[in-house]
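Spelled out from the first residue to the last, the chains are:
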Amino acid sequence: MALTRLVVVVLLGAALPLLFFFFSRAEAGALGVSYGRVANDLPDPASVVNLLKQNGITMVRIYDANQKVLTSLANTGIKVMVMVPNENVAAVASDPSNALQWVRDNVAAYYPATQIHAVAVGNEVFDMRPDLNSDLVPAMTNVQAALAQLNLADNVKVTTPVAFDALAESWPPSAGRFKDSIAQPVMKPMLDLLQRTGSYLSVNYYPYLTYMAQPNAFTLDYVLANSNPGVVDPDTKLTYHNLLDAQRDATYYAMDKLGFASLAVAHTEHGAPSGGGLHPGMGGRRLLQAGNGGAVASVANAQAYINNLMNRVLAGNRGTPHRPDADMDVYIFALFNENQKGTGVDDVEQHFGLFYPNMQKVYEFDFRRPTGGGAPVPPATPSWCVANAGVGDARLQAALDYACGHGADCSAIQPGGSCFLPDTKAAHASYAFNSYYQSMNRAAGACDFNGAASIVYQQPTMCAATASWCVANAGVGDARLQTALDYACGNGADCSAIQPGGSCFLPDTKAAHASYAFNSYYQSKQRAAVACDFNGAASIVYQQPTMCAATASWCVANAGVGDAQLQTALDYACGNGADCSAIQPGGACFQPDTKASHASYAFNSYYQSKHRAAVACDFSGAGSVVYQQPKVGNCVLPSNG
């Protein structure tokens, strides 16, 4: 980040501000940090890597390709974005051989031991080095070609971080457009390159600094993303409840106008200062006082802003009003307070760190799960990492090799080992993935493996998830289930128990009968992944279904949708047939007194009352069907199966 100048914010009329204030961003919903080193009191890179691992930080951006940093990050599984510094952009643009040498020296020399996943070409070039504007896309093109020549382009993406003031207009968001000086000559060919190569635009967002520059133009709740009435775009009628989403949509609309309506945007910098003020010369504002409750830049405000941001990413609530399905990949700026930035200790540039140089937290936060603004954090929910068999054996083998080579204890899945059987890629991969995930303190990013794994919250059995079962996807409808059921029963499944009068005939539903038949067929085929497909009508699970091989099921809450959506669904369930007496104050299942636990109890009661019809466990995405009997505190949820 370079706070070298201040763009004055122009107000439209007397009410709503133009949102392009500038100060001088990837797996879906990834959360990382920007590791700046403009300081003389920071810990050594090896200590920093230990700090990252201890805090579950699995993605980091650096502002160069420092050898010590990249070497320290080797064999950690932490993803890294390196950068071609601005001073090297012209050389890389002028000669493809320069780009090739840079990539050889700074990417290929460390990869794959160091998981470099992106190269940023320059940083905020339009503002810091406008003389390089015409060199930017050629430099990015040459770096991309060098990666392709070295067979790295599939795994390492090229991007460039731009400051938000690359937009000429940003309010209302639907008016968002890039500055005329860069829109056609630079942004359009850049966006075309990013789209053709499967990359993304990177933007450095600082809505909190916009507020510091003009605190009377916004409410603090709107900036911090606390509860607020929102602001309506007069053209689209979309409501914005935080400044960040307004700025993000302004960026999306600007891209739409150039013909790139589906390109992703990542946040390469996104932060809030815990002290200091805007220094003289930055719009002529006087210094703000740091460290007291009334200051704009305070520890409390920074904690609220960053925790709200992190909670949102971790909970999966990443879309915007204009792009509800958008991902939100964020590098929080910055890892440390950096004492050689800005004009002195009163400058906000020295107060963006999550940590002090002594590696103590500036305020409480958690990269592994949502946390409150300084409130006590509940114990982490136990979780495990298991393989997604559907990606195929080749991808599972590649990911398994990586896990076993980077910290997973894979001795038990060697021939003769206690968990060698069943000898399938999915079983071995689940064991290895979970070992790696646990060694990384269950950081969410440590259970990705390029889509080959997923996190589960019910403890897998038999060697940490090697056992598996095949159950029906009720959502495909009875007709598809019947077709698949007929196939299974006619091709090896033992379906005698689900005939009328059989021990597993009840419940007499297509989903229950299909689950029984699918699982019988799957087991008869030694649990080969392709034996649990049935054209999308079935899925593999790693918790043993009970009562007639998967006929029992329960409905539980998806905590990630947030308390407000859970409350709405809970109210509906309790008002439409669910018996909610046990979760009233003093009731047998009142504790734990959380929205998620109460909602799980109510959702399941409603679901069972509707004979476990799949649509009865939807609640607009707030509920999910599970096949392992769950508990709410000390209450075991019942099933009619």
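Residues numbered from 1 in each chain as written. Predicted model: local features only at pLDDT ≥ 70, side-chain atom pairs only at ≥ 80, totals over all residues. Heavy atoms only, no water.

- The chain appears in an unreviewed UniProt entry as glucan endo-1,3-beta-D-glucosidase from Panicum hallii var. hallii.
- According to the UniProt record, the Subcellular location (unreviewed entry) comment for the chain reads "Cell membrane".
- Reading the Sequence similarities (unreviewed entry) entry of the UniProt record for the chain gives the comment "Belongs to the glycosyl hydrolase 17 family." (UniProt positions renumbered as here; feature names shortened; annotations may be inferred.)

**Remarks on the confidence of the model for the chain**
Here is step 1: Of all residues in the chain, 84% have pLDDT values of 70 or greater, and the mean over the chain is 82.
Here is step 2: For residues 372-380, every residue scores under 50 in pLDDT, and the model assigns this stretch twelve contacts once sequence neighbours within four places are set aside. (pLDDT = per-residue confidence, 0-100. Contact = heavy atoms within 4.5 Å.)

**Quick notes on the packing of helix 6 (residues 133-149) against helix 7 (residues 180-196)**
Here is step 1: Contact geometry for helix 6 and helix 7: axes closest at 10 Å, N-to-C directions at 10°. By the angle between their directions, the pair helix 6 and helix 7 is classed as roughly parallel. In this structure, helix 6 contributes Asn 133, Leu 136, Val 137, Met 140 and Thr 141 to the contact, and helix 7 contributes Ile 182, Val 186, Pro 189, Met 190, Leu 193 and Leu 194. (Axes fitted to C-alpha atoms, helices over the stretch in contact; angles between N-to-C directions. Helix = DSSP H or I, 4+ residues; strand = E, 2+ residues; numbered from the N terminus. Parallel < 35°, antiparallel > 145°, perpendicular 65-115°, else oblique.)

**Section: the pairing of strand 20 (residues 554-557)**
Here is step 1: In strand 20, alternate side chains face the same way, and those of Trp 554 and Val 556 on one face and Cys 555 and Ala 557 on the other are all buried.
Here is step 2: In this sheet, strand 21 (residues 623-626) lies alongside strand 20 in antiparallel orientation, the contact comprising four bridges. Opposite Cys 555, over in strand 21, you have Val 625 as the bridge partner. (Buried < 20%, exposed > 50% of the residue type's maximum accessible area, 1.4 Å probe, protein only. Pairing = 2+ DSSP bridges.)

**Side note on the sheet that holds strand 15 (residues 329-333)**
Here is step 1: With parallel pairing, the nine strands of this open sheet are ordered in space as 7-6-5-4-3-15-14-11-8. The strands lining the two open edges of the sheet, one partner per strand, are strand 7 (157-159) and strand 8 (161-163). When strand polarity is set aside, the average angle formed by the axes of neighbouring strands in this sheet is 25°.
Here is step 2: Note: strand 14 (residues 265-270) against strand 15, three bridges, orientation parallel. What sits directly across from His 270, in strand 15, is Ile 332.

**Considering the state of the cysteines**
Here is step 1: Tallied over the full model, the rule gives five disulfides.
Here is step 2: Note that Cys 404 is cross-linked by a disulfide to Cys 410, the S-S spacing being 2.1 Å. In this structure, the disulfide formed by Cys 404 and Cys 410 twists by about -100° around the S-S bond and is classed as left-handed.
Here is step 3: Disulfide pairing is shown between Cys 574 and Cys 580; the S-S distance is 2.0 Å. What sets the handedness of the Cys 574 and Cys 580 disulfide is the S-S torsion sign, and at about -100° it is left-handed.
Here is step 4: With relative accessibility at 27%, the residue Cys 574 sits in the partly exposed group. (Disulfide = S-S within 2.5 Å.)

**What to know about the environment of Tyr 222**
Here is step 1: With respect to the helices, strands and loops of the structure, Tyr 222 is situated in helix 9 (residues 220-224).
Here is step 2: Measuring from C-alpha to C-alpha, the distance between Tyr 222 and Leu 244 comes to 9.0 Å, with 22 residues separating the pair along the chain.
Here is step 3: The contacts of Tyr 222, once residues within four sequence positions are left out, are Asn 228, Val 231, Tyr 240, His 241, Asn 242, Leu 243 and Ala 246.

**Side note on the packing of aromatic side chains**
Here is step 1: Overall, the coordinates contain 21 aromatic pairs when judged by the stated rule.
Here is step 2: Ring geometry for Tyr 206 versus Phe 352: centroids 5.8 Å apart, planes at 80°, classification edge-to-face. Residue Tyr 206 is located in the loop between strand 11 (201-205) and helix 8 (207-213), and its partner Phe 352 is located in the loop between strand 15 and strand 16 (384-387); the two are separated by 146 residues in the primary sequence.
Here is step 3: A relative accessible area of 5% means that Tyr 206 is categorised as buried.
Here is step 4: Given the relative accessible area of 2%, Phe 352 is considered buried.
Here is step 5: Plain terms: the ring middles of Tyr 208 and Tyr 305 are 5.9 Å apart, the flat faces sit at 65° to each other, and that makes the pair edge-to-face. On the criterion of sequence distance, the pair formed by Tyr 208 in helix 8 and Tyr 305 in helix 11 (residues 299-315) is long-range, its members being 97 residues apart. As far as the burial class goes, Tyr 208 and Tyr 305 line up, both buried. (Phe/Tyr/Trp six-rings, centres within 6.5 Å; stacked < 30°, edge-to-face > 60°.)

**Regarding the nonpolar core**
Here is step 1: Phe 178, Leu 201 and Phe 433 are the most contacted members of the largest nonpolar core, which has 145 residues in total.
Here is step 2: When residues are assigned to domains, this core turns out to be shared by domain 1 (27-61 + 160-278 + 286-355) and domain 2 (384-456), each giving three or more.
Here is step 3: With 26 residues, the next largest nonpolar core counts Ala 602, Phe 619, Cys 635 and Leu 637 among its residues. (Core = buried A, V, L, I, M, F, W, Y, C linked by side-chain atoms within 4.5 Å. Domains from an automatic or database assignment.)

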